[in-house]
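Residues per chain are reported as follows:
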Amino acid sequence: MTLLDVLAGFIQELREAGIPVSMVEAIDAMDALGHIELADRSAFKAALGATLVKNARHYEAFDTAFEVFFAVDRSLPGDDAETGNHEGTDRAPTASGEGRQGGQGGGGADVEALIRGLIEALSRNDRDLMRIIAGRAVDQLAGMERGRPVGGTYYLYRTLRQLAADELVQRMMDDAGDDLSDFDARLVQEEYEFRLEQFREEVRAEIRRRLVADRGREAVAKTLRKPLMEDLDLMHATRVELRQIEQAVYPLTRKLAARLAQRRRRFRKGRLDFRRTMRRSLSSGGVPIDPQFRNPRPSRPDVFLLCDISGSMATFARFTLQFVYAMSAQFSRLRSFVFVDALDEATRFFDESADFEEALARVSAEAEVVWMDGHSDYGNSLEMFWDRYGDQLTPRSAVIITGDARNNYRPPKADLLAKIANEVRAVYWLNPEPTGYWDTGDSVMRSYAEYCTDVYEVRSLRQLEQFIEDMVIPTFKTSPRRPAVVD
Amino acid sequence: MTTDFGSPADVRDALKSVHYLADDRISQVVFLSERLGKPVLVEGPAGVGKTELAKALATIHGRRLVRLQCYEGLDESKAIYEWNYKKQLLRIQADSGSSWERLEDDIFAEEFLLTRPLLEAIRSPEPVVLLIDEVDRVEVETEALLLEVLSDFQISVPELGTVKANSQPLVILTSNNTRELSEALKRRCLFLHISYPEVDREKEILLARVPGLTEDFGEQIARVVRSVRQVPLKKAPSVSESIDWARTLLALGVTAIDPVVVTDTLHVLLKYQGDIDKVAADLQMPQSGTAGSET
C-alpha cells in the first residue's frame, strides 16, 4: 500500500468517526507530509492533526484512529518473533519466553516480578522501562488469542487487574514513608497517579498494536470507534464519560449564550430612535440619511422546569438541571421542581448554594419527592404542581418537563397538563428515551404529548443544546432573514 | 535573525531563545505553517500563551507584529481599509473648478486610503507577523472578511483593484473557543490546540519567566498548580497566573509550600471567590479522591 492509500483509508475512518474532513484539508495533509521527516512519528502525527482536525473535541477520536492506522508493527505472541528485542531488555525483571500460557493465574511469581518492575519504573518515572513492562504484561497476562472477537477493553481490564494497578499507588505511598505531611503526600500521590495513567496508556497502545496485527486496521478502528462527546447517550454513559460530559456542559452553555445573544440582536431592530437619528443627520446637513434604532428589549421566557429524579431518570435530570441553570441568564426567571411520586420546589437549593454540586446534594437529601413508594407518578406530581403553583403561571411562562413518561400504570391525569398548557406560553417535554420506545409498556408519552407545544427526544448534549436554542428564539428558524440594512 | 527553519527542533530552539517554551506539537505546527505558507489557528483556554506565541515568532524573525484585535462589531473599515472622507471632502472643495473625471480619479487614490491592520500587513514591503487576536469574538459574517487574506494573501478594494501581498505575512489567529468558528475559516488554517502544560513543561516555563526561582521550588509550584487544576473550577489557573503566583511567593520570601501558604495566596491563582473557597476546602483534605478510575 502506498502512503496515499493509507492516508485515504485514514481519512475515511475519521469521517466515519464523525470528524468532518474536507477535500481541501485532505490535500493539505498530503502536502504537509512532504515537508516532514516521515520516520518521525510525532511529527507525522502533528502534521495530520494540524491539517485534518480543527476542533479540540475531536482529538480523542483522531488519536484512536491514528494509533490504529499507524501503529508500530508488532507481532502477536504465538508467532516465533521475539518480542523483547528492545534495547535494555536486560533491565526488564522477567525472562521472556516463559509464562506465556495466557496468564490464567499461572506464573504468579512472574506477575509479582512484573509488579516490582513496574513500581520501580513508576517511582523513577522511567518511560522506556514502562513501555517494556507494558509489552511483557500484555504478553503474559492479557491472554490474547488470534482471531478472537473480543474488544481491546477486555484485554486492558484483564492485564491491569492482574497487575493490581489500582492498588499500586497506595503501595508506593506506603513505601514513601510516613514523614510526609498530608499536603506533600497528596502531591506525591497525584504525581504517581499521573505516571500510572501513562503506563495504562502504554498498555492500551500495546494491545491496540496487537489487535491491528491480528485483525487489520479497518476492523479494529471500527470496534474502537466511539461517538463524539456531544453525541454520547446520557442514559448509558460510563462514569468516566459522565465526568467528561459534565466538564463540557459549562463551555457549551457559554458558546450557546454567545450565539443566542448574537441572533437576538440580529433578529429584530427596535423602534426608531428619533433623537439619535436627528443628531446623526447633522453631519449630512440635516437630512436623516442614517436612521437609528433603539435596541429591542428582549422578551425572555419565565421558566418552570419540572424534573423526574426517580432512579432511572436521575442522571438525565442532573444534566438538564446543570444545563438549564447554566443558561439561566437567558430567562427572566427560572424555577425548578423535582418529583418522583410527589413534587417539591428545588429553586431554593440552587439559590442558596454557591456550588452546583452542593445544591444537587441538598436536592437529593432534602427535597420531599416521595409520597408513597418512590416510583414515578407523573399524574400525582402534575396535580401537586397545578394545585400549589397553578395560579403563578402566566402567558409568559414556559413549562419544561423532563422524564420518560413511564407512569408505572398509574392514572396519567393528562387533563391537568391540558389546564397547565392553557395558562402558559408553551409546554415542552424532554424525553431521554429513543422515540421508538415511547408508548411501549407503561410509557404514556402520547397522552401527554397532545397538550405539549413540542416533545423532544433528548439523549445527548447536542440535542439538549438544540432544544434550548429553539426555545429561546422560537421563531428564528422559520422567519426569513431581513435584508441587510446599509449603513 | 533566522528566516527559515530546517526542522521543528530549530523552531523550538529559536522560540526558547526568546523565553517561549514550545512543546513538540507547537513547534511542529509552526514549522509546518511556515513551510506550507498557511495561517495557524491557535485555540485554548485563556492565558496559556496563544498571543505570546505570535509575539515570540515576531521577535525571532525580527519582523514587525501587526495586530488586529477582534471584537463584536468589528467591520471592514476597522479591519481592512477606509477612505479618508474628510480629506476627500477637502480635496473636492479645494479645487471646485476641475472636471469630474479628474476629480474622481483623484479622490480615490492611495493618498486618501487609511490602511487598517489587514491591509497594512499585506502592503508592508518587508514581511510581518500578523496576529488576529480572539477571532471568536467577531460575528460569523465578519469572519468572511478574513477569508481572502487568509487563503490568497490579497485584498480586493473596489476602487483600486486587488492588492496583492508584497511579502507573505506569517499569520496567527487566536481563539478562546467561545463559539464555533466557520468551516470556511478553519479550512484555511492549520489547527493548534494549546492546553495547560504538563508539570515538567510548566516548571521550565516558570524557570524561564521567573528569575531567582530554584528548580525544586519551581517543580513544587507546578505540582500544586496541577493539583488545583484537578478541582472542578469556574476558571482553572492559567500559565500566566501560575507565573504570577511564583513571583508572589518569591516576593514574600516563601521557600517551601504548605497548605497555609497556598490558602493565603490563592487569590493570585484564582479569580472567583467561589473557586478560592472550593480549593481552600479541598486542601484541607489529604487525598484528592481521584484514585483508580478504570476505563
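Residues numbered from 1 in each chain as written. Chains lettered and ligands numbered in written order. Predicted model: local features only at pLDDT ≥ 70, side-chain atom pairs only at ≥ 80, totals over all residues.

Provide a residue-level description of the overall build of chain B, including the pertinent values.
Helix and strand counts for chain B come out as 14 helices and 9 strands. Its C-alpha atoms give chain B a radius of gyration of 24 Å, more than 25% over the compact-globule value 19 Å for 295 residues. With respect to the principal axes defined by its C-alpha atoms, chain B has extents near 85 × 45 × 45 Å. Within chain B, the fraction of its 295 residues that count as buried is 35%. Residue pairs in contact within chain B that sit at least 24 positions apart in sequence constitute 75% of those at least 6 positions apart. (Helix = DSSP H or I, 4+ residues; strand = E, 2+ residues; numbered from the N terminus. Rg over C-alpha atoms; globule rule 2.2 N^0.38 Å. Buried ≥ 20, exposed ≤ 12 C-beta atoms within 10 Å, placed from the backbone. Contact = placed C-beta atoms within 7 Å.)

Quick one: what's the story with the overall build of chain A, residue by residue and with numbers?
Secondary structure summary: chain A contains 19 helices and 6 strands in total. For chain A, buried positions account for 37% of its 487 residues. Considering only residue pairs separated by 6 or more positions, chain A has 72% of its internal contacts joining residues 24 or more positions apart.

Go over the confidence of the model for chain B with me, naming the residues and quoting the values.
Residue and element names in this part refer to chain B. Here chain B averages 85 in pLDDT, while 95% of its residues score no lower than 70. Confidence drops under pLDDT 50 across residues 286-295; counting only partners more than four residues distant or on other chains, this segment forms 15 contacts. Interface confidence for the predicted complex, given as ipTM, is 0.83, next to a pTM of 0.71. (pLDDT = per-residue confidence, 0-100.)

An account of the interface of chain A and chain B is needed here, citing residue identities and associated values.
The partner chain B presents 35 residues to the 35 residues of chain A that form the contact. Elements supplying a minimum of two residues to the side of chain A that touches chain B: helix H2 (23-33), helix H3 (41-52), helix H8 (165-176), helix H9 (182-215) and helix H11 (239-267) of chain A. Ranked by the residues each element gives to the side of chain A that touches chain B, the list is headed by H9(A), at 8 residues. Along the lines of polarity and charge, the residues of the side of chain A that touches chain B split into 16 nonpolar, 6 polar and 13 charged. (Nonpolar A, V, L, I, M, F, W, Y, C, P; charged D, E, K, R; others polar.)

Please give an account of the domain arrangement of chain B that cites residues and values.
Residues and elements named next belong to chain B. When its domains are assigned, chain B resolves into domain 1 (8-80 + 116-193) and domain 2 (199-283). Just the C-alpha atoms count here: the centres of domain 1 and domain 2 sit 31 Å apart. Taken together, the contacts link 8 residues of domain 1 with 9 residues of domain 2. For the side of domain 1 that touches domain 2, the class distribution of residues is 4 nonpolar, 3 polar and 1 charged. (Domains from an automatic or database assignment.)

Residue-level account of the pairing of strand E6 (residues 154-157) of chain B, with values.
All names here are of chain B. Judged from the 4 bridges that link them, E6 and strand E7 (residues 161-164) form a sheet pairing that is antiparallel. Across the sheet, the residue bridging to Ile 155 is Val 163, located in E7. Linking E6 to E7, which pair antiparallel, is a turn of 3 residues. (Pairing = 2+ DSSP bridges.)

Explain the environment of Ala22(B) to me, using residue names and the numbers behind them.
Residue and element names in this part refer to chain B. Looking at the secondary structure, you find Ala 22 in the loop between helix H1 (8-17) and helix H2 (24-36). Using a count of 22 C-beta atoms within 10 Å as the deciding quantity, one classes Ala 22 as buried. Sequence spacing of Ala 22 and Ala 9 is 13 residues, and the spatial spacing of their C-alpha atoms is 10.0 Å. Residues within four places of Ala 22 in sequence aside, it is in contact with Arg 12, Leu 15 and Ser 27.

With reference to specific residues and values, describe unusual backbone geometry.
Residues and elements named next belong to chain A. Despite not being glycine, Ala 405 has its phi angle at roughly 60°, a positive value. For Ala 405, the location among the structural elements is in the loop between strand E4 (397-402) and helix H17 (414-423). Its 23 C-beta neighbours within 10 Å are what place Ala 405 among the buried residues. Residues other than glycine seldom take positive phi values, yet Lys 413 does so here, at roughly 50°. Considering the arrangement of structural elements, one finds Lys 413 in the loop between E4 and H17.

Can you explain the sheet that holds strand E2 (residues 64-69) of chain B? Please cite residues and give values.
Residue and element names in this part refer to chain B. Reading across from one edge, E2-E5-E8-E1-E9 is the order of the 5 strands in this open sheet, with parallel pairing throughout. For this open sheet the edge positions go to E2 and strand E9 (190-193), each flanked by a neighbour on one side alone. Across the sheet, the mean angle from the axis of one strand to that of its neighbour is 20°, orientation sign disregarded. By the bridge criterion, 6 bridges tie E2 to strand E5 (residues 128-133) in an arrangement that is parallel. Within E5, the position partnered with Arg 67 by the bridge is Leu 131. (Axes fitted to C-alpha atoms, helices over the stretch in contact; angles between N-to-C directions.)

Quick one: what's the story with helix H19 (residues 461-472) of chain A, residue by residue and with numbers?
Residue and element names in this part refer to chain A. Taking 1.5 Å of rise per residue, the 12 residues of H19 would be expected to cover 16 Å, and the 17 Å separating its terminal C-alpha atoms lies within 8% of that figure. Within H19, burial applies to Leu 461, Leu 464, Glu 465, Phe 467, Ile 468, Met 471 and Val 472. Taken down its axis, H19 places every buried residue within 160° of arc, on the same side. (Expected span 1.5 Å × (residues − 1). Arc of directions from axis to C-beta.)

Could you give an account of the sheet that holds strand E2 (residues 333-339) of chain A, with specific residues and numbers?
Paired through their backbone hydrogen bonds, the strands of a sheet run either parallel or antiparallel. Residues and elements named next belong to chain A. Taken in spatial order, the 6 strands of this open sheet run E3-E2-E1-E4-E5-E6, and their pairing is mixed. The outermost strands of the open sheet, each flanked by one partner alone, are strand E3 (343-345) and strand E6 (454-457). Along the sheet, successive strands turn relative to each other by an average axial angle of 20°, direction set aside. Pairing of strand E1 (residues 302-308) with E4 involves 6 bridges; the strand directions are parallel. Pairing of Leu 305 across the sheet is with Ile 400, part of E4. Most of the contacts of helix H16 (residues 378-389) go to E3, to which it runs at about 40°, and overall it touches E1, E2 and E3.

Could you give an account of the nonpolar core, with specific residues and numbers?
Core analysis: the largest hydrophobic core is formed by 127 residues, its most contacted members being Ala65(A), Leu57(B), Ile172(B) and Leu192(B). Among residues more than four places away in sequence, those in contact with Ala65(A) are Phe10(A), Glu13(A), Leu14(A), Ala17(A) and Ala221(A). Counting 62 residues, the second largest nonpolar core, distinct from the first, contains Leu382(A), Ile400(A), Val444(A) and Phe467(A). (Core = buried A, V, L, I, M, F, W, Y, C linked by C-beta atoms within 7 Å.)

I'd like a description of the packing of helix H12 (residues 239-251) of chain B against helix H13 (residues 259-269) of chain B, backed by residues and values.
Residues and elements named next belong to chain B. Viewed as axis vectors pointing N to C, H12 and H13 meet at an angle of 135°, and their least axial separation amounts to 9 Å. With respect to their mutual orientation, H12 and H13 come out oblique. Remark: the crossing between H12 and H13 carries right-handed chirality. Counted together, Glu 241, Ser 242, Asp 244, Trp 245, Thr 248 and Leu 249 of H12 and Thr 265, Val 268 and Leu 269 of H13 form the full contact between these two elements. In terms of residue class, the contact of H12 with H13 is made up of 4 nonpolar, 3 polar and 2 charged. (Parallel < 35°, antiparallel > 145°, perpendicular 65-115°, else oblique. Left-handed = near helix turned anticlockwise from the far one by under 90°.)

Let's hear about the confidence of the model for chain A: which residues, and what values?
Residues and elements named next belong to chain A. Per-residue confidence for chain A gives a mean pLDDT of 78, with 84% of residues at or over 70. By mean pLDDT, the top-scoring element of chain A is H2 (92), and the lowest-scoring one is H11 (73). In the model, residues 74-106 has pLDDT below 50 throughout and makes 55 contacts with residues more than four positions away in sequence or in other chains. Segment residues 475-487: pLDDT under 50, and 3 contacts once partners within four positions in sequence are set aside and those in other chains are kept.

Mind laying out the packing of H9(A) against helix H10 (residues 217-224) of chain A, listing which residues take part and the relevant values?
Residue and element names in this part refer to chain A. For the pair H9 and H10, interaxial distance at closest approach is 7 Å and the crossing angle is 130°. Of the possible angle classes, the one that applies to H9 and H10 is oblique. When H9 is examined against H10, the residues Arg 208, Leu 211, Val 212 and Arg 215 are found in contact with a partner set consisting of Arg 217, Ala 219 and Val 220. Its residues placed into classes, the contact of H9 with H10 shows 4 nonpolar, no polar and 3 charged.

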